[in-house]
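# Understanding the architecture of this molecule
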Amino acid sequence: MNWDAIGASGEVLGAIVVVASVIYLGIQIRHNTRASRDEAYRDIFTAVSSQFSIMAEPENCQVLLNWFANFKALTPGEKVQFDSLLCAWMTLLESSIISNEADLILDETMENWAHYMRPRFFCYSGFALWWEQAQGNFHPDAVQWVDRQIRKSEGLDFWGLS
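Below, the structure is looked at part by part. (Residues numbered from 1 in each chain as written. Predicted model: local features only at pLDDT ≥ 70, side-chain atom pairs only at ≥ 80, totals over all residues. Heavy atoms only, no water.)

## Some thoughts on the nonpolar core
In globular proteins that are soluble, nonpolar side chains generally tend to be buried together. One finds Trp 67, Met 90, Leu 93, Phe 121, Phe 127 and Trp 130 to be the most contacted residues of the largest nonpolar core, which totals 35 residues. Contributions of two or more residues to this core are made by α1 (3–55), α2 (58–70), α3 (76–101), α4 (107–122), α5 (125–134) and α6 (140–152). Here the element with the most residues in this core is α3; it accounts for eight residues. What Phe 121 contacts, discounting residues up to four positions off in sequence, is Met 55, Trp 67, Phe 68, Leu 86, Trp 89, Tyr 116 and Phe 127. (Core = buried A, V, L, I, M, F, W, Y, C linked by side-chain atoms within 4.5 Å. Buried < 20%, exposed > 50% of the residue type's maximum accessible area, 1.4 Å probe, protein only. Helix = DSSP H or I, 4+ residues; strand = E, 2+ residues; numbered from the N terminus. Contact = heavy atoms within 4.5 Å.)

Shown next, in the form of structure tokens:
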């Protein structure tokens with residue numbers, strides 16, 4: 001028996017096992033990334049669907065439309081209601097932005113968010129007034145993203161209130 005040949009065979013076998021382990025690990029990481037991305041989409045979609053239902057309630061719709069038209073005219077109770085609705089909505093958006101930066105949400109999804117939000121929220125002076133006070137509660141990357149979208153929303157008016 002040649003111990004050098006056995007040792008060389010062991011090294012080759014060891015190298016093959018290491019390469020196979022690295023390939024397996026790569027496959028598992030890719031699978032985990034897909035699963036994490038799917039989970040992020042599902043969680044955000046579920047939360048957004050729930051928030052849509054809340055915002056569509058007649059009383060909430062009226063507060064939102066009043067806010068769009070004239071934020072300063074809201075009663076203190078309406079301001080609390082409005083702030084609660086917007087904070088919940090913006091927290092979902094913030095979660096999407098942070099997930100996008102972690103590559104869990106695609107850039108196209110964020111552009112869809114922007115396309116939805118610019119004419120419905122960001123273009124109104126009431127949002128700008130609220131955002132001046134509220135932005136300190138959000139992640140700096142979310143603040144930068146929203147500020148960019150506000151600048152891009154000039155002249156838009158989905159609700160026909162301007």
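## So, the packing of aromatic side chains
As enumerated under the stated definition, the model contains 15 aromatic pairs in all. For the ring pair Phe 127 and Trp 130, a centre distance of 5.7 Å and an interplane angle of 50° mean the geometry is tilted. Taken together, the positions of Phe 127 and Trp 130, both in helix α5 and three residues apart, correspond to about one turn of that helix. Since its relative accessible area comes to 0%, Phe 127 is described here as buried. With 6.1 Å between their ring centres and 40° between their planes, Trp 130 and Trp 131 make a pair best called tilted. Judged by its relative accessible area of 4%, Trp 130 is buried. (Phe/Tyr/Trp six-rings, centres within 6.5 Å; stacked < 30°, edge-to-face > 60°.)

## Let's talk about the side chain of Ser 99
Tracing the sequence through the fold places Ser 99 in helix α3. Aside from chain neighbours lying at most four places away, what touches Ser 99 is Ile 44, Leu 104 and Ile 105.

## Section: the environment of Ala 35
Here Ala 35 is to be found in helix α1. Ala 35 gets classed as partly exposed once you look at its relative accessible area, which sits at 34%. For the pair Ala 35 and Asp 157, spaced 122 residues apart in the sequence, the C-alpha separation amounts to 38 Å.

## Let's talk about the environment of Leu 161
In this fold, Leu 161 is placed in the segment after α6. Counting along the chain gives 95 residues from Leu 161 to Asn 66, while the straight-line C-alpha distance between them is 9.6 Å. The contact partners of Leu 161, leaving out residues within four places of it in the chain, are Leu 65, Phe 68, Ala 69 and Tyr 124.

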